[in-house]
Amino acid sequence: MTDYAEEQRNELEAIESIYPDSFTVLSDDPTSFTITVTSDAGENCETVEATFKFTYVEKYPDEPPLWEINSQENLEESDVEDIHTLLQQQAEENLGMVMIFTLVTAVQEKLNEIVDVMKNRREEEKLRKEQEAEEAEKVAFQGTVVTIENFLLWKAKFEQEVAELRRRKQKEEEQAGKPKLTGKQLFETDHNLDTSDIQFLEEAASSSSRHRATSAFIGVMFVTPEQSKLVFSY
């Protein structure tokens, strides 16, 4: 016949020696105690922690102990649910044997996994932000892609702005007492215009004469002596 009380007392002594700083007895009848389990520190010294309350039932360890989480730090609701599932599974697998150390060890490993997940999430978030910054920088560097639609919009806006500037300039000139001149008035007031055409024709004629002289000289260079006499005679 199993002496449940003896097995429970022996386990309590062992648990107290293993977890001296986190083990606290709450009551003797029924035997109830707490153990605080803390994960290993992560990369940025972050940790997760949970304090479990265990209570022996009369026929423990042939029946699983009762447990609950008294307090926790940095655990999400889904993490708490996963821990309860893990404890249930471990208790069923270890029926007939004292199991508190086994349960606490399983929880310790689970908390370490949670810290690793937190680290991965943080790295993924950092990578996502870096990628978003790179994409924003690309867009800023490349500028706006020109399409027919946005070009026509720009052109219409530009023409509108030019027309507005012309209107303002004309209005300013009118307010300053400067009437808008017609083509004839502009010609009559600007004396340079009446000689510009003559000057242009004279320059064109001079250029034409130089061109004919050059052509004749080149032609002489490529004829025979007899042909050159004819050219110069002419």
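This text goes with the structure placed above it.
Criteria and thresholds
Throughout, a residue's number is its position along its own chain's written sequence, starting from 1. Whole-chain, interface and lining totals are the exception, using all residues; otherwise, since this is a predicted model, local features are given only for residues with pLDDT of at least 70 and side-chain atom pairs are given and counted only at 80 or more. Working from all heavy atoms in the structure, the side-chain values ignore hydrogens and water. Helix and strand definitions here come from DSSP, where helices need a minimum of 4 consecutive H or I residues and strands a minimum of 2 consecutive E residues; each element is numbered from the N-terminal end. Exposed residues in this analysis have more than 50% of their type's maximum accessible area, buried residues have under 20%, and partly exposed residues fall in between, with area computed by a 1.4 Å probe over protein chains only. In what follows, a contact means two residues having at least one pair of non-hydrogen atoms within 4.5 Å. Accessible surface area values rest on a Shrake-Rupley calculation with a 1.4 Å probe, where residue burial reflects the displayed protein chains alone. The salt bridge definition used is simple: a Lys or Arg side-chain nitrogen within 4 Å of an Asp or Glu carboxyl oxygen. Any pair of N or O atoms that falls within 3.5 Å is considered a polar contact. Within protein, one atom must be able to donate a hydrogen and the other to accept it, and sequence-neighbouring residues count only if both atoms are side-chain atoms. Any two strands with at least two DSSP-identified bridges between them are counted as paired. An expected span of 1.5 Å times one less than the residue number is assigned to each helix. Along the arc lie the directions from the helix axis toward the C-beta atoms. With axes taken as lines fitted to C-alpha atoms, and helix axes fitted only over the stretch in contact, angles between N-to-C directions fall between 0 and 180 degrees.

Draft legend 1. Here's a closer look at the overall build of the protein. Assigned secondary structure in the protein consists of seven helices and four strands. Sorting the 234 residues of the protein into buried and exposed places 21% on the buried side. A separation threshold of at least 6 residues defines the contact pool for the protein, and within that pool the share at least 24 residues apart is 51%. Here the protein has roughly 17,900 Å² of accessible surface; of this, 54% comes from carbon and sulfur atoms.

Draft legend 2. Summary view of the pattern of salt bridges. According to the stated counting rule, one finds eight salt bridges in the structure shown. The closest approach of N and O atoms between Arg 128 and Glu 125, which form a salt bridge, is 2.4 Å. Residue Arg 128 and its partner Glu 125 are located together in helix H3 (residues 100–142), separated by three residues, close to a single helical turn. Of the residues examined, Glu 125 reaches a relative accessible area of 33% and is grouped as partly exposed.

Draft legend 3. Local environment of the environment of Glu 11. Position of Glu 11 relative to the elements: it lies in helix H1 (residues 4–18). For Glu 11, a relative accessible area of 7% gives the class buried. Sequence spacing of Glu 11 and Ile 100 is 89 residues, and the spatial spacing of their C-alpha atoms is 8.1 Å. Within polar-contact distance, the side chain of Glu 11 engages the backbone nitrogen of Met 99 at 3.2 Å.

Draft legend 4. Representation of the pairing of strand S3 (residues 49–55) in the model. Among the seven residues in S3, five count as buried, and that is most of the element. The pairing of strand S2 (residues 31–38) with S3 spans seven bridges and is antiparallel. Its bridge partner lying in S3, Thr 34 is registered against Lys 53. As judged from the seven bridges shared by S3 and strand S4 (residues 66–73), these two strands associate in the antiparallel manner. What sits directly across from Lys 53, in S4, is Glu 68.

Draft legend 5. Quick look at unusual backbone geometry. For the bond running from Asp 29 to Pro 30, omega is 0°, close enough to zero to count as cis. Within the element layout of this structure, Pro 30 appears in the loop between strand S1 (23–28) and S2. With an omega of 15°, the peptide bond running from Tyr 60 to Pro 61 counts as cis. The residue Pro 61 is located in the loop between S3 and S4 in this model. Residue Asn 74 is not a glycine yet carries a positive backbone phi of 65°. Turning to its location among the elements, Asn 74 is positioned in the loop between S4 and helix H2 (77–93).

Draft legend 6. Focus on H2. In this model, H2 (17 residues) spans 25 Å end to end at C-alpha, consistent with the 24 Å of a helix rising 1.5 Å per residue. Listed in full, the buried residues belonging to H2 are Asp 79, Ile 83, Leu 86, Leu 87, Gln 90 and Ala 91. The arc enclosing the buried residues of H2, seen along the axis, measures out at 130°, which places them on a common side. Along H2, exposed side chains directed more than 90 degrees from the buried face belong to Glu 77, Thr 85 and Glu 92. Of the surrounding elements, those touching the buried residues of H2 are S3, S4 and H3.

Draft legend 7. Representation of the sheet that holds S1. Taken in spatial order, the four strands line up as S1-S2-S3-S4 in an open sheet, and their pairing is antiparallel. For this open sheet the edge positions go to S1 and S4, each flanked by a neighbour on one side alone. Within the sheet, the average angular offset between the axes of one strand and its neighbour, ignoring direction, is 20°. Of the strand pairs in this sheet, S1 and S2 are connected by five bridges, and their pairing is antiparallel. Each bridged residue has a counterpart across the sheet, and for Asp 28 the counterpart in S2 is Thr 31. Lying on the sheet, H3 is in contact with S2 and S3; it crosses S2 at an angle near 25°.

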